[in-house]
Amino acid sequence: MTYVHIPECDVIPPGPRLPALLQTARFMADAPRAFESYHRAYGPIFTVRYSGFPPEVYVTTAELAEQVFRTDQGGGHAGAARRDFLEHLVGAHSVLTLDGEPWWRHRKTLNPPLRAKQVASYHDDIAAIAAERIATWPLGRPFGMRDRMQDITLEIIIRLIFGIRDAGRIGRLRALLPGLIETGGSMQVAMLPERLRGPMGRVPFLPYGRFLRLRAEVDALLFEEIRRRRGAPGGTDVLGRLLETELDDQEIRDELITMLIAGHETTATGLAWAFERLLRLPDVLGRLPDDEPYLDAVVKEVLRVRPVVYEAPRLLDAPLRLGGYEIPAGWYAGPYIPLVHRDPAAFPSPGEFRPERFLDGPQSRAWMPFGGGRRFCVGAQLALLEMRVIIREVLHRLELTAPDQAPEARRLKNVTLAPAKETRVIARARTPARTP
């Protein structure tokens, strides 16, 4: 790969010279293609400017990403980097938007109900929810897997995270939550500058106005559930465990919505990519679903070649020396994860789909579908369990084919990089093996 030569005396990493408004438009139109072109033109570190926000420096190697993540010890703030884009949705008391001691207090509170041993107890419930929803899928005609995966992961959030049992409340949340995620996570809302949110929120038919209405309805349901459950403590769901902590109602609400945002659309998109890849890799598919270590390796390799979340930025409060440049305080810096996952220094033959790379030895720190540093996603173990269990349930029950064997392109969908055609499949009931 040939890079433009950058003199050593340059202070700021190079980047496109288009006005910020046009760079923003290019990002929203086709982010993967834009970043790949920047990588070809400018090398492993480059600057992108978005309208209404500080410049952002992206890095594309594992070594540079590690340097960014070390700012978690001082000099960089992951919460502040996300606040402009996520606080309207998850709130001011979320592990995604907090920094410093408040973040650490919330992180310690969330660790116990989301550690691997605890989430393993959800295995059978996840399998039952998946089997229940798979039974409703159409047979013999094409449909998009991503929507079906979102249906399953939403049910898991409502039942196992929120712990809601009332059928009426479950029905209302099923109706409201997809719209809340869709509008709140859309680029039109997430990248809306703060100065415009007040005026836009007063127009109910605009995206931000619709989002505020949906948020108010969801909050009313969640606060009602929190108050009800405080009067009857207990339960194995995550809400029940959070009610045993010192978090107040608003803090619990914010963390529940955080788990919804971090564990619903992202996990569903990861599952959609898993099937998009597997249906084009018959040798890999043939070893599934009952080889458990291999299934785990397949999930991790899917998240390497098709990471769902594309960046993990830090907002710098001190200058950062990075790759021969000095990034000013007040700028963002972070890895562009799809390109880090193609760093041959970290992943030999990165263009090959090789689950064996996750069986052969210790997992590379360059694998960062859940971020890195101290801010590694607290829900990662639950997401990985969901992916393994749901893939197994689908493959036990159905034979899937892709109506078009061409790989699906990546498209920015809300906060995720999703299959452009939603992972189109045709499903047929699997014929049980005959008993001799």
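Residues numbered from 1 in each chain as written. Predicted model: local features only at pLDDT ≥ 70, side-chain atom pairs only at ≥ 80, totals over all residues. Heavy atoms only, no water.

The protein is annotated in an unreviewed UniProt entry as Cytochrome P450 from Nonomuraea zeae. The heading Cofactor (unreviewed entry) in the UniProt record of the protein holds the text "heme". (UniProt positions renumbered as here; feature names shortened; annotations may be inferred.)

Student: Could you clarify how one ought to interpret the sheet that holds strand β4 (residues 143-144) in this entry?
Tutor: In a beta sheet, neighbouring strands are held together by backbone hydrogen bonds and run either parallel or antiparallel to one another. The strand order across the open sheet built from three strands is β4-β12-β9, with neighbouring strands paired in antiparallel fashion. Where the open sheet ends on each side, the last strands, each with one partner, are β4 and β9 (398-401). Each of β9 and β12 (424-429) is contacted by helix α18 (residues 380-397), which is oriented at about 95° to β9, the strand it contacts most. (Pairing = 2+ DSSP bridges. Helix = DSSP H or I, 4+ residues; strand = E, 2+ residues; numbered from the N terminus. Contact = heavy atoms within 4.5 Å. Axes fitted to C-alpha atoms, helices over the stretch in contact; angles between N-to-C directions.)

Student: Where do I start with the packing of helix α7 (residues 145-161) against helix α14 (residues 265-278) in this structure?
Tutor: Viewed as axis vectors pointing N to C, α7 and α14 meet at an angle of 140°, and their least axial separation amounts to 8 Å. It follows that α7 is oblique to α14 by the angle criterion. Judged by the sense of rotation from one axis to the other, the crossing of α7 with α14 is right-handed. In this structure, α7 contributes M145, R146, M149, Q150 and T153 to the contact, and α14 contributes E265, T267, A268, T269, L271, A272 and F275. (Parallel < 35°, antiparallel > 145°, perpendicular 65-115°, else oblique. Left-handed = near helix turned anticlockwise from the far one by under 90°.)

Student: What should I look at first to understand the side chain of R82 in this one?
Tutor: With respect to the helices and strands, the residue R82 is situated in helix α3 (residues 78-90). Here R82 is buried and forms no salt bridge, its nearest opposite-charge partner D99 lying at an N-O distance of 7.0 Å. Apart from the residues lying within four places of it in its own chain, the contact partners of R82 are E87, L96 and R375. (Buried < 20%, exposed > 50% of the residue type's maximum accessible area, 1.4 Å probe, protein only. Lys, Arg positive; Asp, Glu negative; His and termini not counted. Salt bridge = Lys/Arg side-chain N within 4 Å of Asp/Glu carboxyl O.)

Student: Explain the packing of α14 against helix α16 (residues 292-305) to me, please; I cannot follow it from the model alone.
Tutor: If you want to describe how two helices pack, look at the angle between their axes and the distance between the axes. Contact geometry of α14 with α16 gives a least axis separation of 9 Å together with a crossing angle of 100°. As summarised for this structure, α14 and α16 are arranged roughly perpendicular, according to the angle between their axes. On α16, the residues that touch G270, W273, A274, R277 and L278 of α14 are V298, V302, L303 and V305. Partitioning the contact of α14 with α16 into residue classes produces seven nonpolar, one polar and one charged. (Nonpolar A, V, L, I, M, F, W, Y, C, P; charged D, E, K, R; others polar.)

Student: Looking at this structure, I do not really get the pairing of β9. What am I missing?
Tutor: As a general feature of sheets, a regular strand has side chains that alternate between the two faces. The alternating pattern of β9 places L398 and L400 on a buried face and E399 and T401 on a face that is not buried. The pairing of β9 with β12 spans four bridges and is classified as antiparallel. Residue L398 lies in a different strand from β12, and its bridge partner there is A429.

Student: Where do I start with the layout of surface pockets in this structure?
Tutor: Over the atoms, a rolled probe matching the size of one water molecule traces out where space is still vacant. When its volume is computed, the largest pocket comes out at roughly 380 Å³. Every residue lining the largest pocket is counted, 20 residues in all, and those nearest its centre are E36, V305, R306, R342 and R410. Where the lining of the largest pocket is concerned, the elements lending two or more residues are α1 (20-42), α16 and β10 (410-413). Looking at the lining of the largest pocket residue by residue, the class counts come to eight nonpolar, two polar and 10 charged. (1 Å grid on protein atoms, 1.4 Å probe; cavity = no way out; pocket = protein on both sides within 12 Å on 5 of 7 lines; lining within 4 Å. Points joined across faces, edges and corners; volume = space filled by probe spheres on them.)

Student: Explain the pattern of salt bridges to me, please; I cannot follow it from the model alone.
Tutor: When charged atoms on two side chains of opposite charge get close, those side chains can pair. Summed over all chains, the structure comprises 40 salt bridges. The salt bridge involving R229 is made with E225; its shortest N-O contact spans 4.0 Å. Taken together, the positions of R229 and E225, both in helix α11 (residues 207-230) and four residues apart, correspond to about one turn of that helix. With respect to burial, R229 and E225 carry one shared label: buried. Residue E356 is joined to R287 by a salt bridge in which the shortest nitrogen-to-oxygen separation is 3.8 Å. On the criterion of sequence distance, the pair formed by E356 in the loop between α17 (337-340) and α18 and R287 in the loop between α15 (282-285) and α16 is long-range, its members being 69 residues apart. By relative accessible area, E356 is classed as partly exposed at 28%. Taking the relative accessible area as the measure of exposure, R287 reaches 40% and is therefore partly exposed. Overlapping salt bridges bring together E132, R133, D151, E155, R159 and R174 as one network.

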